[in-house]
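Structural description and commentary
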Amino acid sequence: MNIVSSAFPRRRMRRMRKHDFSRRLMAENQLTVSDLIYPMFVLEGENRTEDVASMPGIKRYSLDLLLKEAEELVELGVPLIAIFPVTPADKKSLMAEEAYNSEGLVQRTVRALKAAHPELGIMTDVALDPFTTHGQDGIIDEEGYIINDVTTEVLVKQALSHAEAGADMVGPSDMMDGRIGAIRSALETAGHVNTQIMAYSAKYSSNYYGPFRDAVGSASNLKGGNKHSYQMDPANIDEALHEVAMDIEEGADMVMVKPGMPYLDVVRIVKSEFKVPTFAYQVSGEYAMHMAAIQNGWLAEKPIIMESLLCFKRAGADGILTYFAKRVAQWLKEDK
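These lines cover the structure that appears in this document, whether it is placed above or below. Quick caveat: nothing in here was measured; it's all calculated off a predicted structure.

Cut-offs and rules
- Residues numbered from 1 in each chain as written.
- Predicted model: local features only at pLDDT ≥ 70, side-chain atom pairs only at ≥ 80, totals over all residues.
- Heavy atoms only, no water.
- Helix = DSSP H or I, 4+ residues; strand = E, 2+ residues; numbered from the N terminus.
- Rg over C-alpha atoms; globule rule 2.2 N^0.38 Å.
- Buried < 20%, exposed > 50% of the residue type's maximum accessible area, 1.4 Å probe, protein only.
- Contact = heavy atoms within 4.5 Å.
- Areas by Shrake-Rupley, 256 points an atom, 1.4 Å probe, with all protein chains shown as cover.
- Core = buried A, V, L, I, M, F, W, Y, C linked by side-chain atoms within 4.5 Å.
- Polar contact = N/O pair within 3.5 Å; in protein donor to acceptor, adjacent residues only side chain to side chain.
- Phe/Tyr/Trp six-rings, centres within 6.5 Å; stacked < 30°, edge-to-face > 60°.
- Lys NZ or Arg CZ within 6 Å of the ring centre and 35° of its normal.

**Here we look at the overall build of the protein**
Regarding its fold elements, the protein presents 12 helices and 10 strands. For a compact globule of 336 residues, the expected C-alpha radius of gyration is about 20 Å, and the protein comes in at 21 Å, within 12% of that figure. Dimensions of the protein, computed from C-alpha atoms along their principal axes, come out at roughly 70 × 45 × 40 Å. Buried residues in the protein amount to 53% of all 336 residues. A sequence separation of at least 24 residues applies to 75% of the contacts in the protein between residues at least 6 apart. For the protein, the exposed surface amounts to about 15800 Å²; the carbon and sulfur share of it is 51%.

See below:
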């Protein structure tokens, strides 16, 4: 990149920063409501909410109350929500059969949401950890190792059940090899040619996921275990590029980097190298850290949240999954 510059004082960089109007005119990136994806937790029952202790302000909703939340999100202009289920313990199993139950919580939620709010995009999580008794994202062998191809077979069933329920987008977050191609082929064969796939392509084995595992109830099943054998090593970036390339080749419509802010270098290189729709997930640990500082008065709420999300845009993200989506959408509407 060639940068043409003249010497001070002919060139005063602060000149354009003096006024609000000129700062706005030269802003290189902007955050809009169209950049926001809202992850939401759904649980069984009626007229029920549960606070997620490690994520202040975030709740688990029963379906009837989730529909009311969705109505508000539509009014705010949020384009897409991502559904994550809280699976009762008695429906978890070694083979995760509940994951593809046509009358399961996710499938019922998708049908109800699409009936009530057809204009709202619905994304589902394709992974088995909410449904396994051990909290891992796949089917395990006698030694506790995740069996890749057997797991993929179950993931395909899960993705198909979501598409048949009406999901607009499936998000395979499991990190099994070859699962994007298998899911894409199955969707095509079943006639779901317009069901989109957002691949969790560069999903790292991160310590930032702790509060999420509390929220969906898999932390207790995992019992201190880890996911190093299938999620990526935080030390690696070239490996992420191989993962992204494979998912695109197998039929992913868009790719994701997860977690978000600590991995913005990965977001930038993925967007620069592949020039495909690229998303990032501001995960539960990032949310919890922000909220802890905000509640202690160490950081100002609106400025720090808006800055954090603008950083995703600057890095190259086309959109952001964030638990701040609803409040940010409200702020953006108020600022119009």
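**Comments concerning the environment of Lys18**
Looking at the element boundaries, Lys18 is found in the segment before helix H1 (20-25). For the pair Lys18 and Glu97, spaced 79 residues apart in sequence, the C-alpha to C-alpha distance is 61 Å.

**Re the environment of Arg60**
By the secondary structure assignment, Arg60 is in strand E3 (residues 59-62). Judged by relative accessible area, which is 12%, Arg60 ranks as buried. On a C-alpha basis, the gap between Arg60 and Thr49 in space is 5.4 Å, while along the polypeptide they are 11 residues apart. Sequence-distant contacts of Arg60, defined by excluding residues within four places in its chain, comprise Phe41, Leu43, Arg48, Thr49, Glu50, Asp51, Val52, Val86, Asp214 and Ala215.

**Topic: the nonpolar core**
Core analysis: the largest hydrophobic core is formed by 79 residues, its most contacted members being Phe41, Ile81, Met198, Tyr281 and Val328. When residues of this core are assigned to their parent elements, the largest contribution, 7 residues, is made by helix H11 (residues 301-315). Those residues in contact with Phe41 that sit more than four places away from it in its chain are Met55, Ile58, Lys59, Arg60, Tyr61, Leu66, Phe84, Phe212, Ala215, Val216 and Tyr323. Counting residues in hydrophobic clusters, the runner-up holds 23 residues, among them Ile139, Leu155, Ile180 and Leu187.

**A closer look at the side chain of Ser206**
Mapped onto the secondary structure, Ser206 falls in the loop between strand E7 (196-203) and helix H6 (210-216). Residue Ser206 is classed as buried on the basis of its relative accessible area of 7%. A polar contact of 2.9 Å, which involves the side chain of Ser206, links it to the backbone nitrogen of Tyr208. In this structure, Ser206 is in contact with Gln231, Pro259 and Tyr263, ignoring residues within four places of it in sequence.

**Brief notes about the packing of aromatic side chains**
Inspection of the entire model under this criterion finds 8 aromatic pairs. For the ring pair Phe84 and Phe212, a centre distance of 5.1 Å and an interplane angle of 85 degrees mean the geometry is edge-to-face. Taken together, the positions of Phe84 in strand E4 (residues 80-85) and Phe212 in helix H6 put the pair 128 residues apart, joining distant regions of the chain. You'll find Phe84 and Phe212 in the same group, each marked buried. Note that Lys258 overlies the ring of Phe212, its terminal NZ or CZ placed 5.4 Å from the centroid.

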